[in-house]
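Next come the chains, spelled out residue by residue.
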Amino acid sequence: MADRITDVGGTAVPVALDVTDRAAVNAAAEQIADQLGAVDLVFNNAGVQLISAIEDVKFDDWQRQIDLNISGVVNVIGAFVPQLIGAAAGGKPADLITTSSIAATRVLEKFSVYSGTKAYISQLTRLLRVELGRKMVRVYTIEPGMVDAELPVHVTDPDASNLMADLISDIDVLTAADVAETVAFIASVPRHVNLTEITILPTQQAV
Ligand SMILES: NC(=O)c1ccc[n+]([C@@H]2O[C@H](COP(=O)([O-])OP(=O)(O)OC[C@H]3O[C@@H](n4cnc5c(N)ncnc54)[C@H](OP(=O)(O)O)[C@@H]3O)[C@@H](O)[C@H]2O)c1
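Anyway, here's the lowdown on the structure attached to this text. (Residues numbered from 1 in each chain as written. Predicted model: local features only at pLDDT ≥ 70, side-chain atom pairs only at ≥ 80, totals over all residues.)

Some details on the overall build of the protein
When you go through the protein residue by residue, the secondary structure sums to six helices and four strands. In sequence order, the secondary structure elements of the protein are arranged as α-α-β-α-β-α-β-α-α-β. Relative to the compact-globule value of 17 Å for 207 residues, the protein shows a C-alpha radius of gyration of 18 Å, a close match. C-alpha extents for the protein along the principal axes are approximately 50 × 40 × 35 Å. A burial count over the protein gives 29% of its 207 residues as buried. Summarising the internal contacts of the protein: among those between residues at least 6 apart in sequence, 69% fall at separations of at least 24. (Helix = DSSP H or I, 4+ residues; strand = E, 2+ residues; numbered from the N terminus. Rg over C-alpha atoms; globule rule 2.2 N^0.38 Å. Buried ≥ 20, exposed ≤ 12 C-beta atoms within 10 Å, placed from the backbone. Contact = placed C-beta atoms within 7 Å.)

Quick notes on the sheet that holds strand 2 (residues 94-99)
Read from one edge of the open sheet, four strands run 1-2-3-4, paired in parallel fashion. With one partner strand each, in any of the chains shown, strand 1 (41-44) and strand 4 (197-200) form the two edges of the open sheet. Strand after strand, the sheet turns through a mean of 15° between neighbouring axes, direction not considered. With six bridges joining them, strand 2 and strand 3 (residues 137-144) adopt parallel strand pairing. Bridged to Ile-97 within strand 3 is Tyr-140. Running over the sheet, helix 4 (residues 112-133) touches strand 2, strand 3 and strand 4 and is turned about 165° from strand 3. (Pairing = 2+ DSSP bridges. Axes fitted to C-alpha atoms, helices over the stretch in contact; angles between N-to-C directions.)

As for helix 4
At 3.6 residues per turn, the α-helix brings residues three or four places apart onto the same side. Along its 22 residues, helix 4 runs 31 Å from first to last C-alpha, staying within 8% of the 32 Å computed at 1.5 Å per residue. Its axis deflected by about 25° at Leu-127, helix 4 carries its strongest bend there. (Expected span 1.5 Å × (residues − 1). Bend = angle between axes of the 7 residues up to and from the residue.)

With respect to unusual backbone geometry
A positive phi angle is found at Val-57, which is not glycine, with a value near 45°. If you trace the backbone, Val-57 turns up in the loop between strand 1 and helix 3 (59-89). The exposed category is assigned to Val-57, around which 9 C-beta atoms lie within 10 Å. Residues other than glycine seldom take positive phi values, yet Met-136 does so here, at roughly 70°. Structurally, Met-136 can be placed in the loop between helix 4 and strand 3.

A closer look at the site of the ligand
Contacts to the ligand come from 18 residues, most closely from Ala-46, Gly-47, Ala-149, Glu-150 and Leu-151. The residue makeup of the shell around the ligand, split by class, is nine nonpolar, seven polar and two charged. (Near = placed C-beta within 6 Å. Nonpolar A, V, L, I, M, F, W, Y, C, P; charged D, E, K, R; others polar.)

Considerations on the nonpolar core
By size, the foremost hydrophobic cluster in this structure holds 32 residues, and its most contacted members are Val-42, Val-76, Ile-77, Phe-80, Leu-84, Leu-96 and Val-137. Going through the elements one at a time, helix 2 (22-36), helix 3, strand 2, helix 4 and strand 3 are the ones with two or more residues in this core. For this core, the element with the highest residue contribution is helix 3, accounting for ten residues. (Core = buried A, V, L, I, M, F, W, Y, C linked by C-beta atoms within 7 Å.)

Overview of the packing of helix 2 against helix 3
Relative orientation of the contacting elements helix 2 and helix 3 amounts to 30°, with a least axis distance of 9 Å. On the basis of the axis angle, helix 2 is roughly parallel to helix 3. Note that helix 2 runs across helix 3; the crossing there is right-handed. Note on element contacts: helix 3 touches helix 2 through Asn-75, Val-76, Ala-79, Phe-80 and Gln-83, opposite Arg-22, Val-25, Asn-26, Ala-29 and Ala-33. (Parallel < 35°, antiparallel > 145°, perpendicular 65-115°, else oblique. Left-handed = near helix turned anticlockwise from the far one by under 90°.)

Notes on the environment of Asp-95
Positionally, Asp-95 belongs in strand 2. Remark: the alpha-carbon pair of Asp-95 and Arg-138, spanning 43 residues in sequence, is separated by 4.9 Å. Setting aside residues no more than four positions away along its own chain, Asp-95 makes contact with Leu-41, Arg-138 and Ala-187.

Below is the structure:
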């Protein structure tokens, strides 16, 4: 990806890290600021979906989702918020975008722990707007429906895997590019405009 960016004249600083490692995220935030200047847009996107029946009691899967979708998300927020506030104080648009999901609000069988993590993100974002909005940092969530990505690959429950695989083959689902273009759009509007919560569904997805 870094090559694709530099090939078209952009600048990229790839930093491989585990967002559940708070020290690594803080170090990355410093490294990026040193090399590129204060960050003015954070797309907080890493997440994992490990859906299963609650009675299967998959503690390890529950914990992985909580560690990445909650702790990882707040680690990234903590590492970059000072830079975003600084960028906004300097008059730039400053954006903190976190990927939630339609699962944050929908009632979907076997999604309980995953949906709980996404509901946490959506509500956290609403609360952050109270403090960061007045500092001119735009905070928002993207809540996609079905996107053709590697997310279903990690699901171990066969019913849940089949459900997602069927959806991907039956309808024209979203692509990563659709999500990226949405992020680019919401970041491009004037800095006094905050689109707050964007739900993106494939046109043929009903729920
Ligand atoms: N696909 C969907 O239908 C859908 C719908 C709604 C919401 N979402 C959300 O969209 C986001 C992206 O998921 P995706 O669908 O694109 O799935 P994906 O293809 O599995 O991508 C997950 C991304 O998270 C990164 N990641 C995973 N664990 C990480 C860690 N510990 N530290 C740093 N990065 C980590 C992965 O990096 P590596 O590749 O390097 O492992 C990858 O870039 C997630 O928050 C997911 O919950 C997806």
